[in-house]
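# Chains, contacts and geometry: an overview
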Amino acid sequence: SQQGEEDPQALSIQEGENATMNCSYKTSINNLQWYRQNSGRGLVHLILIRSNEREKHSGRLRVTLDTSKKSSSLLITASRAADTASYFCATDSGAGSYQLTFGKGTKLSVIP
Amino acid sequence: DAGVTQSPTHLIKTRGQQVTLRCSPKSGHDTVSWYQQALGQGPQFIFQYYEEEERQRGNFPDRFSGHQFPNYSSELNVNALLLGDSALYLCASSLGGPRAGAFFGQGTRLTVV
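Residues numbered from 1 in each chain as written. Chains lettered and ligands numbered in written order. Predicted model: local features only at pLDDT ≥ 70, side-chain atom pairs only at ≥ 80, totals over all residues. Heavy atoms only, no water.

Residue and element names in this part refer to chain B. Reading across the sheet, the 4 strands line up as 1-3-8-7 and stay open at both edges, with antiparallel pairing between neighbours. The open sheet terminates on both sides in strands that have one partner only, identified here as strand 1 (5-7) and strand 7 (64-68). Each neighbouring strand pair of the sheet contributes to a mean axis angle of 20°, computed without reference to strand direction. Inspection of the sheet shows strand 1 paired to strand 3 (residues 19-24) by 3 bridges, in the antiparallel sense. The residue bridging Ser-7 from the neighbouring strand is Arg-22, located in strand 3. (Pairing = 2+ DSSP bridges. Helix = DSSP H or I, 4+ residues; strand = E, 2+ residues; numbered from the N terminus. Axes fitted to C-alpha atoms, helices over the stretch in contact; angles between N-to-C directions.)

Here you go:
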(Lines give C-alpha, C1' and ligand atoms only; values in the text may rest on other atoms or scores of the structure.)
Protein backbone atom coordinates (compact mmCIF):
# COMPACT_ATOMS: atom_id res chain seq x y z
CA SER A 1 0.00 0.00 0.00
CA GLN A 2 1.11 3.58 -0.57
CA GLN A 3 2.16 5.38 2.58
CA GLY A 4 2.90 8.76 1.07
CA GLU A 5 0.97 10.94 -1.27
CA GLU A 6 2.89 13.52 -3.25
CA ASP A 7 1.36 16.78 -4.32
CA PRO A 8 1.11 17.96 -7.03
CA GLN A 9 1.04 14.91 -9.31
CA ALA A 10 2.67 16.96 -12.06
CA LEU A 11 4.52 20.27 -12.07
CA SER A 12 5.82 22.28 -15.01
CA ILE A 13 8.15 25.24 -14.46
CA GLN A 14 10.65 27.38 -16.34
CA GLU A 15 14.36 26.85 -15.93
CA GLY A 16 15.68 28.98 -13.06
CA GLU A 17 12.44 28.87 -11.08
CA ASN A 18 12.02 27.02 -7.80
CA ALA A 19 10.05 23.78 -7.59
CA THR A 20 8.22 22.67 -4.47
CA MET A 21 6.79 19.20 -3.97
CA ASN A 22 4.84 18.02 -0.97
CA CYS A 23 4.44 14.62 0.61
CA SER A 24 1.94 13.45 3.20
CA TYR A 25 2.14 10.15 5.03
CA LYS A 26 -0.06 8.18 7.38
CA THR A 27 1.91 6.46 10.13
CA SER A 28 4.79 7.41 12.39
CA ILE A 29 8.21 7.29 10.81
CA ASN A 30 11.86 6.79 11.65
CA ASN A 31 12.94 8.88 8.67
CA LEU A 32 11.68 10.18 5.35
CA GLN A 33 13.67 10.00 2.14
CA TRP A 34 13.34 11.63 -1.26
CA TYR A 35 14.29 9.88 -4.49
CA ARG A 36 14.49 10.96 -8.13
CA GLN A 37 13.65 8.74 -11.07
CA ASN A 38 14.53 9.58 -14.65
CA SER A 39 12.40 8.15 -17.45
CA GLY A 40 11.12 5.13 -15.53
CA ARG A 41 14.54 3.79 -14.69
CA GLY A 42 16.33 3.38 -11.36
CA LEU A 43 15.76 5.62 -8.38
CA VAL A 44 18.48 7.89 -7.04
CA HIS A 45 18.57 8.74 -3.36
CA LEU A 46 18.54 12.51 -2.87
CA ILE A 47 18.21 13.28 0.80
CA LEU A 48 17.13 11.77 4.09
CA ILE A 49 15.58 13.59 7.02
CA ARG A 50 15.16 11.94 10.40
CA SER A 51 12.02 12.22 12.47
CA ASN A 52 13.73 14.50 15.00
CA GLU A 53 14.90 16.93 12.31
CA ARG A 54 12.81 19.77 10.90
CA GLU A 55 14.90 20.95 7.97
CA LYS A 56 17.82 19.71 5.93
CA HIS A 57 19.80 21.09 3.01
CA SER A 58 21.88 19.47 0.31
CA GLY A 59 23.12 21.66 -2.50
CA ARG A 60 20.04 23.08 -4.25
CA LEU A 61 17.72 20.82 -2.26
CA ARG A 62 15.88 21.80 0.89
CA VAL A 63 13.67 19.36 2.74
CA THR A 64 11.35 20.13 5.61
CA LEU A 65 9.53 17.70 7.86
CA ASP A 66 6.51 18.35 10.06
CA THR A 67 5.78 15.19 12.02
CA SER A 68 2.74 16.75 13.70
CA LYS A 69 1.13 17.16 10.27
CA LYS A 70 2.76 14.02 8.86
CA SER A 71 4.06 15.98 5.91
CA SER A 72 7.28 16.88 4.16
CA SER A 73 8.26 19.20 1.35
CA LEU A 74 11.10 19.15 -1.14
CA LEU A 75 12.28 22.44 -2.60
CA ILE A 76 14.59 22.50 -5.60
CA THR A 77 16.02 25.97 -6.11
CA ALA A 78 17.19 27.44 -9.42
CA SER A 79 15.88 24.49 -11.38
CA ARG A 80 17.63 23.16 -14.47
CA ALA A 81 16.38 21.15 -17.43
CA ALA A 82 18.34 18.20 -16.02
CA ASP A 83 16.06 18.24 -12.96
CA THR A 84 13.22 16.96 -15.14
CA ALA A 85 12.25 13.67 -13.51
CA SER A 86 9.76 12.06 -11.17
CA TYR A 87 10.30 12.65 -7.47
CA PHE A 88 9.16 10.23 -4.76
CA CYS A 89 9.05 10.45 -1.03
CA ALA A 90 9.61 7.23 0.88
CA THR A 91 9.09 6.55 4.55
CA ASP A 92 11.01 4.25 6.82
CA SER A 93 8.66 3.49 9.69
CA GLY A 94 11.31 1.81 11.85
CA ALA A 95 9.71 -0.32 14.58
CA GLY A 96 11.04 -3.55 13.13
CA SER A 97 10.07 -2.71 9.57
CA TYR A 98 12.76 -2.83 6.92
CA GLN A 99 10.79 -1.61 3.94
CA LEU A 100 10.56 1.77 2.34
CA THR A 101 7.02 2.83 1.55
CA PHE A 102 6.75 5.11 -1.46
CA GLY A 103 4.21 7.61 -2.62
CA LYS A 104 2.98 7.92 -6.20
CA GLY A 105 5.43 10.66 -7.07
CA THR A 106 5.47 14.12 -8.58
CA LYS A 107 6.44 14.43 -12.24
CA LEU A 108 8.52 17.58 -12.65
CA SER A 109 9.13 19.13 -16.05
CA VAL A 110 11.65 21.98 -16.28
CA ILE A 111 11.33 23.89 -19.51
CA PRO A 112 14.57 25.39 -20.89
CA ASP B 1 32.26 0.69 -8.03
CA ALA B 2 29.62 -0.75 -10.35
CA GLY B 3 26.73 0.14 -8.07
CA VAL B 4 23.66 -2.07 -8.19
CA THR B 5 23.36 -4.11 -11.36
CA GLN B 6 20.26 -5.87 -12.59
CA SER B 7 19.72 -8.30 -15.42
CA PRO B 8 18.15 -8.54 -17.84
CA THR B 9 17.16 -4.97 -18.71
CA HIS B 10 14.04 -5.96 -20.60
CA LEU B 11 12.08 -9.17 -20.74
CA ILE B 12 8.95 -10.34 -22.51
CA LYS B 13 7.16 -13.41 -21.19
CA THR B 14 3.93 -15.19 -21.93
CA ARG B 15 1.16 -15.48 -19.38
CA GLY B 16 1.62 -18.60 -17.24
CA GLN B 17 5.39 -18.72 -17.68
CA GLN B 18 8.00 -18.29 -14.99
CA VAL B 19 10.69 -15.63 -14.81
CA THR B 20 13.91 -15.06 -12.87
CA LEU B 21 15.40 -11.63 -12.37
CA ARG B 22 18.88 -11.07 -11.00
CA CYS B 23 20.54 -8.41 -8.88
CA SER B 24 24.09 -7.74 -7.73
CA PRO B 25 24.24 -5.29 -4.83
CA LYS B 26 26.60 -2.40 -4.46
CA SER B 27 29.98 -3.45 -3.14
CA GLY B 28 29.93 -3.68 0.66
CA HIS B 29 26.15 -3.96 0.91
CA ASP B 30 24.63 -7.04 2.49
CA THR B 31 20.90 -6.38 2.14
CA VAL B 32 18.80 -6.63 -1.00
CA SER B 33 15.21 -5.47 -1.38
CA TRP B 34 12.94 -5.95 -4.37
CA TYR B 35 10.24 -3.54 -5.48
CA GLN B 36 7.59 -3.65 -8.18
CA GLN B 37 6.69 -0.42 -9.92
CA ALA B 38 3.62 -0.33 -12.13
CA LEU B 39 3.35 2.41 -14.74
CA GLY B 40 2.56 5.75 -13.14
CA GLN B 41 2.84 4.40 -9.60
CA GLY B 42 5.45 4.42 -6.88
CA PRO B 43 7.51 1.32 -6.11
CA GLN B 44 5.81 -1.34 -3.99
CA PHE B 45 7.90 -3.43 -1.59
CA ILE B 46 8.00 -7.13 -2.47
CA PHE B 47 10.51 -8.49 0.05
CA GLN B 48 13.95 -8.03 1.57
CA TYR B 49 16.78 -10.49 1.91
CA TYR B 50 19.47 -10.36 4.57
CA GLU B 51 21.92 -13.10 5.53
CA GLU B 52 20.42 -15.30 2.82
CA GLU B 53 16.98 -15.24 4.39
CA GLU B 54 13.78 -13.37 3.65
CA ARG B 55 13.60 -10.84 6.45
CA GLN B 56 10.40 -9.06 5.52
CA ARG B 57 7.72 -9.51 2.91
CA GLY B 58 5.24 -7.09 1.43
CA ASN B 59 1.72 -7.81 0.28
CA PHE B 60 2.58 -10.07 -2.64
CA PRO B 61 1.38 -13.61 -3.33
CA ASP B 62 3.53 -16.70 -2.95
CA ARG B 63 4.07 -16.71 -6.72
CA PHE B 64 6.79 -14.20 -5.90
CA SER B 65 9.81 -15.81 -4.31
CA GLY B 66 13.43 -14.97 -3.94
CA HIS B 67 16.84 -16.05 -2.94
CA GLN B 68 20.03 -14.47 -1.68
CA PHE B 69 23.40 -16.06 -2.30
CA PRO B 70 26.49 -16.02 -0.03
CA ASN B 71 27.98 -13.22 -2.16
CA TYR B 72 24.83 -11.16 -1.35
CA SER B 73 23.50 -11.25 -4.91
CA SER B 74 19.83 -12.03 -5.22
CA GLU B 75 17.19 -13.45 -7.52
CA LEU B 76 13.50 -12.71 -7.80
CA ASN B 77 11.34 -15.49 -9.20
CA VAL B 78 7.78 -15.06 -10.35
CA ASN B 79 5.72 -18.13 -11.24
CA ALA B 80 2.50 -18.42 -13.23
CA LEU B 81 2.87 -14.94 -14.69
CA LEU B 82 -0.21 -12.77 -15.01
CA LEU B 83 -0.72 -9.80 -17.29
CA GLY B 84 -0.81 -7.67 -14.14
CA ASP B 85 2.75 -8.65 -13.32
CA SER B 86 3.94 -6.38 -16.13
CA ALA B 87 6.00 -3.72 -14.39
CA LEU B 88 9.45 -2.37 -13.69
CA TYR B 89 11.18 -4.52 -11.08
CA LEU B 90 13.71 -2.66 -9.00
CA CYS B 91 16.42 -4.05 -6.80
CA ALA B 92 17.76 -1.92 -3.97
CA SER B 93 20.79 -2.64 -1.87
CA SER B 94 21.75 -1.24 1.50
CA LEU B 95 23.88 -2.05 4.49
CA GLY B 96 21.66 -3.75 7.07
CA GLY B 97 18.45 -2.08 5.93
CA PRO B 98 17.11 1.17 4.46
CA ARG B 99 17.89 3.35 7.46
CA ALA B 100 20.51 5.37 5.60
CA GLY B 101 18.90 5.24 2.18
CA ALA B 102 19.04 2.62 -0.51
CA PHE B 103 20.88 2.31 -3.79
CA PHE B 104 18.71 1.21 -6.67
CA GLY B 105 19.56 -0.60 -9.86
CA GLN B 106 18.21 0.49 -13.22
CA GLY B 107 15.48 -2.10 -13.06
CA THR B 108 14.16 -4.89 -15.24
CA ARG B 109 11.18 -4.02 -17.43
CA LEU B 110 8.97 -7.14 -17.53
CA THR B 111 6.18 -7.34 -20.06
CA VAL B 112 3.73 -10.23 -19.84
CA VAL B 113 1.73 -10.90 -22.99
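So that's the structure; there's more coming.
All names here are of chain B. Within the secondary structure, Gln-68 sits in strand 7. Since its relative accessible area comes to 0%, Gln-68 is described here as buried. Only 3.3 Å separates the side chain of Gln-68 from the backbone nitrogen of Glu-51, close enough to count as a polar contact. One polar contact links the side chain of Gln-68 to the main-chain carbonyl oxygen of Tyr-72, over a distance of 3.2 Å. Once residues lying within four places of it in the same chain are set aside, the contact partners of Gln-68 are Asp-30, Thr-31, Val-32, Tyr-49, Tyr-50, Glu-51, Glu-52, Glu-53, Ser-73 and Ser-74. (Buried < 20%, exposed > 50% of the residue type's maximum accessible area, 1.4 Å probe, protein only. Polar contact = N/O pair within 3.5 Å; in protein donor to acceptor, adjacent residues only side chain to side chain. Contact = heavy atoms within 4.5 Å.)

A separate point is the sheet that holds strand 7 (residues 61-66) of chain A. Residue and element names in this part refer to chain A. Here we have 5 strands laid out as an open sheet, ordered 1-3-8-7-6, and antiparallel in their pairing. Both outer strands of the open sheet, strand 1 (5-7) and strand 6 (55-58), are each paired with one neighbouring strand and no more. Along the sheet, successive strands turn relative to each other by an average axial angle of 15°, direction set aside. Summarising the sheet, strand 1 and strand 3 (residues 19-24) pair through 3 bridges and their orientation is antiparallel. From the neighbouring strand, Glu-5 faces strand 3, where its bridge partner is Ser-24.

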